[in-house]
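# Examination of the molecular architecture
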Amino acid sequence: MSTSSRTLRADLFLLHAPSVYDFRERDDLLFAYLSDSDSVNVTSIYEMYPIGFFSLKEHLRKHDLSVEIVNVAALMLKHPELDVDQLLGRLEAPVFGLDLHWMAQCHGTIELAKRIKVVHPDAVIICGGISATFYAEELIQYPEIDIVVQGYDTLEPVRRLVETIKSGARRLVDIPNLLYKRRTQSVERTGFSHKPATNYNDATVDWSYYRDAVDDVATTKLIMTLPNTGCAYDCPWCGGSRSAYRNIMGVKKTLISKNHSRIVDELKSMGPAAASTGIYALQCYSETRPRFHEYLDAVKESGYRQLFVEQFHLTPDETLKKLGASSQSYIMLSPESHDPVISKLAGRGTYTMEEMEAWIPRALDAGIAGVMVWFFIGMPQQTPQSISDTVDYSIRLMEKFQGQRVLPLLCPMVPFLDPGSRFFVEPEQHGYRIFHRTLEEHRQAMVEPLWHRRLNYETRWLSRKQLQDTTYSAVAALVRAKGQAGILPRAISQSILTAISDTQALLADMERAITLDGALPSSLRDVIRAYNRRVLSYSSDQIIPIQRPFGGRWFDDFTVPPELLAQVMSPRQQAPMPALTGSGG
């Protein structure tokens, strides 16, 4: 990347948009606590970009093309006075790439593309990823989108595309996996043929940029590793499952492993900073035991402070010992429900709660630092009563393992059931009803005032409204129990309970106004605006439920220098904020 005090230049800028582009001005929808599940350290703006951005950057770099990632969403959150149009004006490139990232960005991405077209009318705007592939035919119809790149591995098509456009040429017919517009606006298709069966997404993530990031409890310095592409399992709610992947990508082989030497190089790229860094190990549950053990050896050799791994089955004793020796390791289980029938319908059900409870002491004895047990809201045959029973089970689990580092967690499936998943494609067979089918319907749903109306699904057993209300009552009951058990400090527990109560009251006021008057009064809009500003002024999650300042996360922006940011600020006129009680989320 070339820089000056005025501009940044690259061959390709990868931009990550906020979920709702104009979130800073919205006083007609609520970015409510738990409307994004609060399961990871992000806000309802979904400011975490896909890790595949790194693969594109590295692959193109090896071919002498410069690629830079600008997290517009994170910059807008951290700098409320940021003028996005001015920022875009400082980015010079022939190609701009955008993501939909599991559809959470479907509103913001199209709106950001519009702004790019205004500022850079001659630039080419491309979009790719799983959701973009699923909605490719609809996505290419938006005037702002010039090219859709289909597929999960788009390294070579994007490399050839950027080289072609950089050279000034526009002949794209020989580049596979493209849908693109000709000057007549007619759509051309080059065929979805680039589907390598080996060396999939074969690029090494370079984490060296993150070495000097601030490390404290609030930011939780953490990187991610992805040792394979696809999935070995077939959870029917997931758009990355075996069957969804096969249908969306048109392939038979749905799991391709990354070269182990690349994974080792990724881990080593943090250097000595690994000692103050944790790893969230994605998709280790799809790894063979020998490959997973090799990975754990590499983690230990690199000296990482912490390791978080998801496990589909109960981890066997030999692997538990390897985990315990590799780092301060935490295992994340996702049975989805304590009820074995619901768990199996959700694509899990590989162990009973009795088997899990017998396994936990072995895990802790092997040196595992903690076990997190995730339960999901929105599964087949799940009723308000069964969710209440899950809460009761979680409380019994905490009582049984009091002080032994066992943490049950509960979150709703929001905002969308994944397009392309079996539940989405075959809803009636599984007891689901789909409200938003098209990309545009999902875009409009993202700006619904009430978050239960953003949901693209309900089940035969839970309406959208019930799903929202049951989520608050269930999470509140679990948080209250954690406070009483001392798992959460009383002050934090009470803060969360107050936030839930405030959110429920505000949602009820909004629904009443919309039902009775068809509109939100200005006085209520003032309260909504204040609530949104407060909730979107920090990030949080259910594991460490504290208000965390922005900055220091791997996906925060590390590209735009402070001196340039200072030049693209525009003071915003903001109305006074009414007082709110509680933490606001």
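Right above here is the structure, for reference.
As a starting point, this report considers the structure included with it. (Residues numbered from 1 in each chain as written. Predicted model: local features only at pLDDT ≥ 70, side-chain atom pairs only at ≥ 80, totals over all residues. Heavy atoms only, no water.)

### As for the packing of helix H1 (residues 52-61) against helix H7 (residues 155-166)
- Orientation of H1 relative to H7, taken along the N-to-C sense of each, is 55°, at an axis distance of 10 Å. The angle between H1 and H7 falls in the class oblique. Taken as a pair, H1 and H7 cross one another with a handedness that is right-handed. Residues Ser-55, Leu-56, His-59 and Leu-60 of H1 touch H7, and the partners they reach there are Leu-155, Glu-156, Val-158, Arg-159 and Val-162.
- Residue composition of the contact of H1 with H7, by class: 5 nonpolar, 2 polar and 2 charged. (Axes fitted to C-alpha atoms, helices over the stretch in contact; angles between N-to-C directions. Helix = DSSP H or I, 4+ residues; strand = E, 2+ residues; numbered from the N terminus. Parallel < 35°, antiparallel > 145°, perpendicular 65-115°, else oblique. Left-handed = near helix turned anticlockwise from the far one by under 90°. Contact = heavy atoms within 4.5 Å. Nonpolar A, V, L, I, M, F, W, Y, C, P; charged D, E, K, R; others polar.)

### So, the side chain of Asp-541
- In this fold, Asp-541 is placed in the loop between helix H21 (522-535) and helix H22 (562-567).
- Taking relative accessible area as the criterion, Asp-541 reaches 5% and is therefore assigned buried.
- Dropping the residues within four chain positions of it, Asp-541 is found in contact with Asp-38, Ser-39, Val-40, Asn-41 and Arg-548. (Buried < 20%, exposed > 50% of the residue type's maximum accessible area, 1.4 Å probe, protein only.)

### Observations concerning the pattern of salt bridges
- What the rule picks out here adds up to 34 salt bridges.
- Where Lys-400 meets Glu-357, a salt bridge forms, and the shortest distance between an N and an O atom there is 2.8 Å. Taken together, the positions of Lys-400 in helix H14 (residues 384-400) and Glu-357 in helix H13 (residues 353-365) put the pair 43 residues apart, joining distant regions of the chain.
- Taking the relative accessible area as the measure of exposure, Glu-357 reaches 15% and is therefore buried.
- With a shortest N-O distance of 2.6 Å, Asp-469 and Lys-465 are connected by a salt bridge. In this pair, Asp-469 and Lys-465 both sit in helix H19 (residues 464-485), 4 residues apart, roughly one turn of the helix.
- Residue Asp-469 is classed as partly exposed on the basis of its relative accessible area of 31%.
- It is possible to trace a salt-bridge network through shared partners that takes in Asp-27, Arg-525, Asp-526 and Arg-529. (Salt bridge = Lys/Arg side-chain N within 4 Å of Asp/Glu carboxyl O.)

### Topic: the nonpolar core
- Core analysis: the biggest nonpolar cluster contains 192 residues, and Leu-15, Leu-112, Leu-139, Ile-147 and Tyr-295 have the highest contact counts within it.
- With 8 residues, H19 is the largest single contributor of residues to this core.
- Excluding anything up to four places from it in sequence, Leu-139 contacts Leu-100, Ile-110, Cys-127, Ala-132, Ile-145, Val-148 and Leu-439.
- Counting 7 residues, the second-largest nonpolar core is a separate cluster that includes Ile-130, Tyr-200, Val-251 and Ile-256. (Core = buried A, V, L, I, M, F, W, Y, C linked by side-chain atoms within 4.5 Å.)

### A word on the state of the cysteines
- Going through the model one piece at a time under the given rule, you end up with 0 disulfides.
- Cys-127 forms no disulfide, and the closest cysteine sulfur to it belongs to Cys-106, at a distance of 11 Å.
- There is no disulfide at Cys-284, and the cysteine sulfur nearest it, in Cys-231, is 12 Å away.
- The exposure class assigned to Cys-284 is buried, which follows from its relative accessible area of 3%. (Disulfide = S-S within 2.5 Å.)

Just geometry here; none of it tells us what the structure is for.
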